[in-house]
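Architecture and fold: a report
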Amino acid sequence: MTAWEVAGLAARLESFALGPVDLTLRPGRAVALLGTSGAGKTTLLRTLAGFVPPSAGRIRRDGADITGSPPEARRLGYVPQGLGLLPHRTVERNVSYPLELRGDVEAVRHVRPLLERFGIAPLARRRPAQLSGGEAERVALARALAADPELVLWDEPWQGLDVAAQHDLGLVFTELREAAQVPVVVVTHDPALAFSVADQFLVLHQGRVRFWGAPAKLLAAPFDGFTARFVGYENVLEPAALAGGAPGSLTAWLRERAGPDGVAFGRPLLTPGEGAAGGWEAVVRAARPTPEGIAISARVDTLTLALRIPAPVTASIPAAGHRVRFDLDAADLRPLGLAARGGSPETGA
Amino acid sequence: MGDTVPHLSPGRASAPVRSPLRAGRPWLALQIVLGGSLLLLFLLPIYALFAWAGPTRILAAATNPAVGAAIWLTLFASGIAVLAAVVFAVPLGYLLARRRFRGRSVVESVVALPVVVPHLLVGLGLFFLVIPGSPLFRFTNAIGFPIYDTIWGVVLVMVFVSAPYTVLAADLAFRAIDPRVLEAARSLGAGPANAFLTVSFPLALRGIVAGLLLTWARAVSEIGGILILAYTVYPGGPYTGPVTSTLSVLVYNLFQSGDLGDAAATSSLFLLIAFAIFLVIRIGERSGWVPWRRGELLP
């Protein structure tokens, strides 16, 4: 039961500065590291792993300062992008590698239960090049656990996996978190993964922490286009899109309620009934069935909005050019561009 | 399944579909003509050597103790050169692959230099370096590595001209390793030395061996520098055989003295040995003695 404390951690690469980052990682908890490409997610992970020397700050494991420890002394299960499987070793000898390093002469036998648990025992004699993406992820995860880590760092799992393998691995991941009782930090671009496995989100923007807190908080208050889209708002309107629009139009109405970086909202429901009154009028551009109803892309003023009908999948799909009406409640709007409202907010520079 | 076949229109169904990726015939013909010309250039001189020598002379050369001594010296010296490449060239390749430092491109150019310098110049340079009476001359004699007309002279020239191939191959081989694989190994508990032994070295081994083979091939074929530094080789150091010269120098001498038949026979014998060595490597690849798959090492 190890807790990690990251205080004021900063690092400098050639043209990039990370931090300061403050974090507390508790056993059994998972943190999703989010952010656009180049936000510093991988750099933060590699700094925690000991591959990037920090320029400031401290990393403590149960109070002991390990900021200067080499990677091999940190007791990590680090799964880098691309997984880092040893191409010249079989699956079982990849998983047994950390045990072999500790002088376990029967390492291969000792990892057998781990192979069984991750469903990779039948692949024991294969080489990494002979594995599918999902199988390789399982091997990497099993190997990280074989090291008996005190912290699991996982960079971009799910990359290149098909939906079935993703779902499958999500279950394995959850099981791992419950069983291993160590903190997990996972870098991801995938909202479904982040929401399904992480208790906390850490959003990085240009190397700085923009949000640190519970996913529900971010959902309630996304602060920029990226976070709004990430947590699932399908209508994200930037200020440029809201420029223009005659008084009394939806565009003007939204502009009045938007933040400095625009506004976000979920899919408004169509008002049922032919020629229904009230709300705003839109022209259908495209529509497709989904399990939750019919998703519609429609035009209002110069805006393209995502709308929906909570109809059964078998309902008829409105044709393009069809006029529809919908209501939008001001309480459902999320103004963007305000400071993050997480546990350690940073007011924007 | 069989029942359904008659229902297909047989003529069309069985017509082979030509792969759209396959090159047209004229293009293929061009490749065969151009590539074949080069192969002929490789093969015809070898044929000429064997034809000139004839089996009787080759057999005579094979049983001639003077030729045997030259072959032994050449294989022995080139073997030492390959060992030297393992000890000195592999670490340099590793350094070039892994470290960024000032003057790196200068070092890389220096490594490439022996490949482009005419080898007579190499011999001259080494000659002036250890010219009799110089401090280095006295030093090498004092520590038991006399250079002139000894196997050490041969080895020195061989290492000079052939070690770069191992440096370059090791550099490429270490560079080709995904750094994330190494990072994963480090985070799993491997210290730098352990990561080298369990990850870098096994993964680079194939490339290094390929470089060592090139080094060996270049070493045995060297003549320019050896003509100057060790024209005749006297016993001394690890070489205890009769007074002789390397095979390349022996063939050159035979040719110079007008002994064309023996020159051809000795050359043929050498070609047979080289061919046999490459054949053994191929068989090794096929039977899995070696840590790489067939066709990965030699083209």
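These numbers were taken from a predicted model, which means no experiment stands behind them.

Okay, the overall build of chain A next. The helix and strand inventory of chain A stands at twelve helices and 17 strands. Each of the three principal axes of chain A carries a C-alpha extent, and together these read 75 × 45 × 35 Å. In chain A, which comprises 349 residues, the share counted as buried stands at 42%. Residue pairs in contact within chain A that sit at least 24 positions apart in sequence constitute 66% of those at least 6 positions apart.

Take the nonpolar core next. Taken as a class, soluble globular proteins show a tendency for nonpolar side chains to be buried jointly. Residue and element names in this part refer to chain A. Judged by nonpolar contacts, the single largest core of 90 residues is most densely connected at Leu33, Leu153, Val186 and Leu202. Residue contributions to this core peak at eight residues, all from helix α6 (residues 133-146). Summarising the domain contributions, this core has at least three residues from each of domain 1 (4-225) and domain 2 (235-336). Filtering out sequence-adjacent residues up to four positions away, Leu202 remains in contact with Leu23, Val31, Leu33, Leu34, Val209 and Trp212.

The next thing to look at is the confidence of the model for chain B. Residues and elements named next belong to chain B. Taken over all residues, the pLDDT of chain B has a mean of 86, while the share at 70 or more is 89%. By mean pLDDT, the top-scoring element of chain B is helix α7 (residues 151-175) (94), and the lowest-scoring one is helix α1 (residues 10-14) (54). Both confidence scores are given for the complex: pTM 0.75, ipTM 0.78.

A few words on the interface of chain B and chain A. The partner chain A presents 19 residues to the 16 residues of chain B that form the contact. Secondary structure elements with two or more residues in the side of chain B that touches chain A: α8 (179-187) and α9 (192-220) of chain B. In terms of residue count, the dominant contributor to the side of chain B that touches chain A is α8 of chain B (seven residues). A breakdown of the residues in the side of chain B that touches chain A according to their chemical character gives eight nonpolar, four polar and four charged.

Attention shifts here to the pairing of strand β4 (residues 56-61) of chain A. Residue and element names in this part refer to chain A. One ladder, built from five bridges, connects strand β1 (residues 4-13) with β4; its direction is antiparallel. Across the sheet, Glu5 pairs through a bridge with Arg60, a residue of β4. Remark: two residues form the turn of the hairpin made by β4 and strand β5 (residues 64-65), two consecutive strands paired antiparallel; Asp62 in that turn has positive phi of roughly 50 degrees.

We now examine the sheet that holds β1 of chain A. Residue and element names in this part refer to chain A. The sheet built from four strands is open, its strands ordered β2-β1-β4-β5 with antiparallel pairing. Edge strands, defined here as strands with exactly one partner in the open sheet, are β2 (16-25) and β5. Judged from the two bridges that link them, β4 and β5 form a sheet pairing that is antiparallel. Across the sheet, residue Arg60 finds its bridge partner in β5, namely Asp65. Sitting on the sheet, helix α1 (residues 41-49) touches β1, β2 and β4, and the angle it makes with β2 is about 65 degrees.

The rules we used
Residues numbered from 1 in each chain as written. Chains lettered and ligands numbered in written order. Predicted model: local features only at pLDDT ≥ 70, side-chain atom pairs only at ≥ 80, totals over all residues. Helix = DSSP H or I, 4+ residues; strand = E, 2+ residues; numbered from the N terminus. Buried ≥ 20, exposed ≤ 12 C-beta atoms within 10 Å, placed from the backbone. Contact = placed C-beta atoms within 7 Å. Core = buried A, V, L, I, M, F, W, Y, C linked by C-beta atoms within 7 Å. Domains from an automatic or database assignment. pLDDT = per-residue confidence, 0-100. Nonpolar A, V, L, I, M, F, W, Y, C, P; charged D, E, K, R; others polar. Pairing = 2+ DSSP bridges. Axes fitted to C-alpha atoms, helices over the stretch in contact; angles between N-to-C directions.

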